[in-house]
Each structure stands twice: as C-alpha cells, then as structure tokens.
Amino acid sequence: MDLEPTEDQKAVRSAFSEFFTDRCPISVVRAAEPLGFAADLWRRLAAMGVPGMALPEDAGGGASRADLILLLHEAGRVLAPVPLSAHLAASRLLLDTPWCAGVADGTLIAAPALRPTVDGLARLVPGGAVADVVVALDEDELVAVRGEAPMTAPVNHAAAPLADRYVRDDRGGRVVLARGEDAARRHAALRREWQLYTAATLTGLAERALESAVAYTLEREQFGKPIGAFQAVQQGLADLVGPLDGIRLLTARAAWCADEGDPAEAGRLAVMAFLAATEVARTTTYRAVHFHGGYGVTLEYDIQLYFRRARGWPLVLGDPDEEYRALADDLFGAVGGV
Amino acid sequence: MDFRPKESVEEFRRWIRGFVAEHLTEDMIERARRTGTFHDWGFHRALAATGVIAEGMAGPGRAGGRDPLELYVFFDELGLADAPFYGLANTMLVAGVVEQIGSAFHLAEVLPRFHRGEAIAALGYSEPGSGSDVAAAATRAERVPGDPEDEPVWLVNGQKMFTTLVHEAGYVILLTRTDPDVAKHRGLTMFLVPTDLPGISFQAVETMGGDRTNITYFADVRVPDRWRLGEVHGGWDVMKVALAYERGVFGNMNQGVSLLRRFTRWATETGAMDDTAVRKRLARIAIDNEITALLALRPALIASAGGLPTTEGSIAKLYASEAYNRAAEACLDMAGPEGLLGEPGDAWFVDHAARDAPVTTIYGGTSEIQRNNIAEHRLGLPRSR
Ligand SMILES: Cc1cc2nc3c(=O)[nH]c(=O)nc-3n(C[C@H](O)[C@H](O)[C@H](O)COP(=O)(O)OP(=O)(O)OC[C@H]3O[C@@H](n4cnc5c(N)ncnc54)[C@H](O)[C@@H]3O)c2cc1C
C-alpha cells in the first residue's frame, strides 16, 4: 500500500505539468472564451497521443486510469480549455465505430450526452460545441452520431463548450452501440467514467486555486503586514487542505479500483469522488476569491476564472442531489428493496 | 499509488478482530459508557498477555517493534468495536517514551509492569492555566537542598487538569516547570511519577461527552530523582517524542463509521430509511468516512515507511473530528426527538455521538491548533503565535 505516486507516475505527472505550464498559460484560457476551446492546444495534445489514451493499447491508447487522472489533474490546474474529460470518457464507447481512428488521433472530438435525450435532443452536452461525434442514450438505444460541430456555445457561467445536439439525424452516420438494459448500463458506466475524470480535473483546479490564494495573501499587505499573517485568513485557508488531499486520494482510489478490475467499487468511489470534488472545488474557490478581497471579483484577476469553472464543469451532469440519491441506493439498497 | 492492503497488516487485522470477538463483552462496553472510564482491566490484561504491549511500536529512534500501520489497524479495530482502549493507548504511548528516554531504573521498574498489563499510565500535560499552550505548564518542581551524596529529591507543587484515567493509573507522566526564569520551552522537566506518592490526590471531572477525567493535585510531593524522564530542563524534548508517538497511537478516527452503521440499522428498523432526505445525508456521511479513512491512513503509512509524519497527522485529526461533528449533528436532526433519548436501546447512540463529537475537536490538539500547524508547515504562511 502506498498513497504516494510511483516513480513512473511522478514522471508522467511532471511531463504533463510541464506541458500545460508551457502551453496553457492563463492567457490561453482567456483567449479561448467565450467558446472555451483552444484548437491549438488540442492539436498539441493530439500530437502527444492524448486523445487516444483511454482506448485500448491496440487502438492507440492503453493508459491506466491512474495515469489518466494525473493528466486531468494537471489540465484542471491550468483550466485547460479542451474537453478532455468529455472526449476521453466518450472515446471508450467508440472502439467499434468508423470514427475510432479519428477519435484516437484527435482529428475527431467526441462528447458524451450525460443526461438522456428528450425527443432526440441532447441538451447542453459537455464538449458538445466542438464535438464531431456525440454519444447519447436516446430512449432505449445508446447511439454514436457523427455530426457537424456548431463551434459556438451559449454564453455560460464556465465558458464551457456546451451545446444542444440532435442525435436522430443520421446524415453523417449514426451507430447504435447498445439497446435496452445494456444501453442503460453502458450509459451509466459512461457517466461514472466522466465523473472520475471530472473529479480529477476539479482536484487540480482546487489545488491551484488554493495555491493562488496562499500566494496572494503572502503578497498583499494591510495594516502593515501580509494578510496571510492574520490568523483568520490562515485558518480559513488551512481548512481547505484536508478536503483537498481527501478528494485527491479518493479519486486515486477510484481509479485504482477501476484499473484492478473492480468496477462496482470503482463506480461507487467515482461517484463519491465526484460529489466530494464538486463541493471541495466550490468551497475552495469561494474562499480563494474571498481572500483576494475586491480584486478577486474583478475580471482582471484570474481567480474568478477558477470560481466559475468550479461550478460550471460538474453541473452539466445535473443537480448533485440526484447523485447523492443514486449513491444512497448503491450503498443502502433501493427504497422498498430487499 | 497502490491501495492494496499489506498482507501482514491484514493478517494482524484478522488477529485483533478475532481477539476482540473473543474477549470484548457487551458488559464491558456498557460499563465504560456508564462510568466514563474507557479502560477495562480484564480486557487490558488479556491483551497484555498476548505480548502486544511489550512488542511496542516502531517509532522515531526505536528499532524493531510493530509496524506503525499495524498499530493504526489495532486502534482502528478497537475503535470500531467500541472497545474501552484509552488505558491501552496511554500506556503504549508512555511505554514508547520510556523505552526511548527512560533511565535504567525506569526500564527495570516500570516497563515490565506496563508490558504485563499490571499498570497503566495517565498523561499530565494540561493545567488550569495551560492547555493548547502546553509548554506554559506551571506545576513547579524544585530541587530539595540536601546532602550531595544522596539521591536528589524534587518537591512538586501544582495542579494538572484533564488527567484522564489517573484514578486507575499506576503512573503519571508529568510535565513540570523547573526553571521559571528562562524561555518557556527551556525551563521544563518531565517525570514519570507513581500515583501513590504522598501528596498526590485527584478529583473526578465529569464531561458532557460521557468521559470521566480528573483534576490532579500535587502538594509538596517528594519525587526522588530516579523518576525523572530525560534531562533536567529537557522536558520539551521528551514532549516532542511523546507527541510523535501520540500521532501513531491515537489512530482511532473512525467514529463516523460506527455512527453510520448504527444509524442505518436504526433507520431501517424505523422506516426512516425510506426518506429521501435521510438517505442523502447518510450518503454524505459515507463519503466523509471514506475520506477520513484515507487521510487517517496516511500518517501511519509514512511512519511505516520510516518517515516522520508531520502535518499529515494534523490534517487527518482535523478532518476526522470536524466530519464526526457534521455526522453527529445530522444524525441528531434525522432522529428527531428520539435522538435525544439517552438510554440503551432505540437511538441512544445519537445522543452519545452528539455529546461526544464536540470533545474530539478539543482534545489531542484543538482544531485551531491543527489549522495553525497546517497553515504554517504545509501552506508556508507566517507563524501566527
Ligand atoms: C475529555 C478530555 C480528556 C482529556 N485528556 C487529557 C489527558 O489525559 N491529559 C492531558 O494532559 N490533557 C487532556 N485533555 C486536555 C486537552 O488536551 C486540552 O483540553 C486541549 O489541549 C485544549 O486546552 P484547553 O482546554 O486549555 O483550551 P484552551 O487552550 O484554553 O483553548 C480554548 C479555545 O481557544 C483556542 N485557542 C487556543 N490557543 C489558540 C491559538 N494559538 N490560536 C487559535 N486558537 C487558539 C482553542 O482552539 C480553543 O477553541 C483532555 C481534554 C478533554 C476534554
């Protein structure tokens, strides 16, 4: 048992960390607004083979979940404006489709409709604004649909590339991946996969937000000393550390269980990690903005970018309350069940 | 990262589980709850007879001993089973300090009694005027003038607060002031004192959480020098060792687990479990429990790998105790008026948790003290004291 990354994992992490630090300074994040997509950054990731990482080895991937969450953590730290969680989660379902090679090399972007469609319309699909292939649960069918990426997103809180996508149009190609119970089961697995990746991304986001807040409180002076010397500020920041370490460990444990072939436990932990990360990212960015004072809410400061994404990224799944309820069913059995 | 449990540790877990199943009775648990004395001589001696106290734990500067991860599992399992283990924890901690710092006299006279389960230890750090600021201890120890040929004797006067289990303990580890004229950390001396020396008396203090603790008075107590632990004026060095062991020993941070288990059973019986709002809150507690378990494991893993956990202990303690409070408050609400009932049966455990949880953010270093530590040593913020 070891809660620290292995030497290999440390190497993976520092490679991604260097990449994102070099290629995704905050100016890239800002320039990508309002769509929330940096095509150049995506191409560079594609050149490194990142879009195919979640696929099996012979399809151009072979990364473990443990490695994937390191990637996503680093992407979250810099608020990388590329739909990594969405693409990687959806890609796993596209293996036997004509688009697999394109998805693996990043020439095609995939996105998952996380909520069931209504009359064939998938609403606010994460990555949907830039996706070439959308995976959706359309009534009792799990489908993959090739279509035109709108390349425009409705103005939204997180500047995320969301879009409504109609999934009954088969002009570009439409593949039924599964039907009936199998479709529902695989869609549920897709959601959990996305939750795991998003938990990792939010962990990176929260980690960086806390670092920014600490740095700011050491630099900003009031009453003749750094505000970080005031105990009220210190205690408020110190409170964030345990929850942050906690979601990092929980996400890693979920990834490890998935890698070890324990999907039931992995799924449960992924939901837990997602829910906890959603809360922690909110609290952390709230306090991080707060300790920046009035400057924190000005658009000139970067911390508000973190605040908005912390809320926007997870919320595309729906009200977290529903996830708590589903988790309770998983933990305690369904109401009225035996 | 690797979350696979170590086989030797799991084997030890099975052993302690088996031991508990065989030796811990409902009677013992109930008696501890009723009296507030979380120590049971029968259970303690049975454990001591297995050699588990004698084996001790691997610690800073101590070779051999039990893997700290096994110690963590040990107290984790005792906690889950509601075993009254405070005497055990105190004694293992003090035994660790004695092994590392004690004189030949301590090693010969006291240690075997600890190992055989004949005597337990109490911790005499806190005082009426010093709690969080433990180094401000004022209990005075003065050398009695005498023949330089004779063994020096110290005259101890003062008062210790919250000396839990001193009413059962054979010995108390005692932090005293031997030089009031220097910086507070440098004028301290530690003793390990038999509790039956003339001049020592105590008085019970009952607490909201159900623990019985004590005030201990020292009135002209003559303590022969052989009971001194460590150097004269070197008390703070001993304290540092004791605190390092404390991080290893007091591994029990899983109160939320038993609370959730009990509450789920109760809610299923009463039908409350069908309520969506209840289910959602229980799911939250389950998440907190998972996180607590991982955070609590971390310092043990670090120690097990030969490192010295620092802020990881603070982080775990802070999270665990704050989460326990959230869980207890939630359960109190969910149980409604029945959660207020304190008699065994029904939802008594809710009342217990609601009164016990607030204590956990106080002892073993308050939440504020843990945050100070995290702010300074993890976040690199300026020292605030
Ligand atoms: C049931 C129980 C059992 C105990 N058992 C033992 C035992 O066996 N042996 C023993 O020696 N002690 C024991 N203690 C004592 C325990 O360690 C102290 O209560 C604890 O360290 C806090 O000290 P205090 O009670 O004097 O509170 P104080 O130190 O007076 O603290 C009061 C409040 O002020 C805050 N505060 C203090 N200093 C700071 C600061 N620098 N920054 C911010 N906030 C601060 C605290 O966080 C707290 O909220 C026990 C306590 C309890 C309740």
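Residues numbered from 1 in each chain as written. Chains lettered and ligands numbered in written order. Predicted model: local features only at pLDDT ≥ 70, side-chain atom pairs only at ≥ 80, totals over all residues. Heavy atoms only, no water.

## Concerning the side chain of Thr217(A)
Then, number 1: Mapping Thr217(A) onto the fold places it in helix H7 (residues 180-219).
Then, number 2: Beyond its immediate chain neighbours, meaning those up to four positions away, Thr217(A) contacts Pro226(A), Ile227(A), Gly228(A), Val233(A), Leu237(A), Phe291(A) and Leu381(B). (Helix = DSSP H or I, 4+ residues; strand = E, 2+ residues; numbered from the N terminus. Contact = heavy atoms within 4.5 Å.)

## Description of the domain arrangement of chain B
Residue and element names in this part refer to chain B.
Then, number 1: Taken domain by domain, chain B comprises domain 1 (7-120), domain 2 (122-239) and domain 3 (253-377).
Then, number 2: The centre of domain 1, based on its C-alpha atoms, is set 23 Å off from the matching centre of domain 3.
Then, number 3: Each partner contributes to the interface: domain 1 provides twelve residues, whereas domain 3 provides 17 residues.
Then, number 4: Across the domain 1/domain 3 interface, buried area totals approximately 1200 Å², and carbon plus sulfur atoms make up 55% of it. (Domains from an automatic or database assignment. Buried area = accessible area lost by both parts, 1.4 Å probe.)

## Quick notes on unusual backbone geometry
The general pattern is negative phi for most residues beyond glycine and trans for most peptide bonds.
Residue and element names in this part refer to chain A.
Then, number 1: The peptide bond linking Glu33 to Pro34 adopts the cis configuration, its omega dihedral lying at 5 degrees.
Then, number 2: In this structure, Pro34 sits in the loop between helix H2 (26-32) and helix H3 (39-47).
Then, number 3: You will see that Asp119, though not glycine, has its phi angle at about 50 degrees, which is positive.
Then, number 4: Among the secondary structure elements, Asp119 is positioned in the loop between strand S1 (110-112) and strand S2 (121-125).

## Quick word on the UniProt feature "domain: Acyl-CoA dehydrogenase/oxidase N-terminal" (unreviewed entry) in chain A
Then, number 1: In the numbering adopted here, UniProt assigns the feature "domain: Acyl-CoA dehydrogenase/oxidase N-terminal" (unreviewed entry) to residues 6-87 of chain A.
Then, number 2: Helix makes up 61% of residues 6-87 of chain A and strand 0%, with an end-to-end C-alpha separation of 26 Å. (UniProt positions renumbered as here; feature names shortened; annotations may be inferred.)

## A few points about helix H10 (residues 255-270) of chain B
Then, number 1: Its 16 residues place the ends of H10(B) 22 Å apart at the C-alpha level, agreeing with the 22 Å of an ideal helix rising 1.5 Å per residue.
Then, number 2: If you check which residues of H10(B) are buried, you get Gln255(B), Gly256(B), Ser258(B), Leu259(B), Leu260(B), Phe263(B), Thr264(B), Trp266(B) and Ala267(B).
Then, number 3: Among the structural elements, helix H13 (320-332) of chain A together with helix H5 (68-80), helix H11 (276-304), helix H12 (311-335) and helix H13 (348-360) of chain B are those in contact with the buried residues of H10(B).
Then, number 4: Gly271(B) occupies a position one or two residues after H10(B) and carries a positive phi of about 90 degrees. (Expected span 1.5 Å × (residues − 1). Buried < 20%, exposed > 50% of the residue type's maximum accessible area, 1.4 Å probe, protein only.)

## Section: the UniProt feature "domain: Acyl-CoA dehydrogenase/oxidase C-terminal" (unreviewed entry) in chain A
Then, number 1: Within this numbering scheme, the UniProt entry marks residues 198-314 of chain A as carrying the feature "domain: Acyl-CoA dehydrogenase/oxidase C-terminal" (unreviewed entry).
Then, number 2: Here residues 198-314 of chain A is 79% helix and 3% strand, with 7 Å between the C-alpha atoms at its ends.

## Observations regarding H5(B)
Residue and element names in this part refer to chain B.
Then, number 1: Taking 1.5 Å of rise per residue, the 13 residues of H5 would be expected to cover 18 Å, and the 18 Å separating its terminal C-alpha atoms lies within 8% of that figure.
Then, number 2: At the N-terminal end of H5, a side-chain oxygen is found 2.9 Å from the backbone nitrogen of Leu69, two or three residues along, and the residue is Asp67.
Then, number 3: Just downstream of H5, Asp82 is the residue with a positive phi angle, here 60 degrees. (Polar contact = N/O pair within 3.5 Å; in protein donor to acceptor, adjacent residues only side chain to side chain.)

## Re the pattern of salt bridges
Side chains that differ in charge, positive against negative, can pair when their charged atoms come close.
Then, number 1: Inspection of every chain in the model, using the stated rule, returns 55 salt bridges over all chains.
Then, number 2: Its salt-bridge partner being Arg34(B), residue Glu30(B) comes within 3.9 Å of it at the nearest N-O pair. In this pair, Glu30(B) and Arg34(B) both sit in helix H2 (residues 26-35), four residues apart, roughly one turn of the helix.
Then, number 3: Its relative accessible area of 27% is what places Glu30(B) among the partly exposed residues.
Then, number 4: Asp133(B) serves as the salt-bridge partner of Lys184(B), at 2.8 Å between the closest nitrogen and oxygen. Taken together, the residues Lys184(B) in the loop between strand S4 (171-177) and strand S5 (188-194) and Asp133(B) in the loop between strand S1 (121-124) and strand S2 (140-144) connect sequence positions 51 residues apart.
Then, number 5: Given the relative accessible area of 37%, Asp133(B) is considered partly exposed.
Then, number 6: Connected through salt bridges with shared partners, the residues Asp138(A), Glu139(A), Glu141(A), Arg168(A), Arg174(A) and Arg179(A) form a single ionic network. (Salt bridge = Lys/Arg side-chain N within 4 Å of Asp/Glu carboxyl O.)

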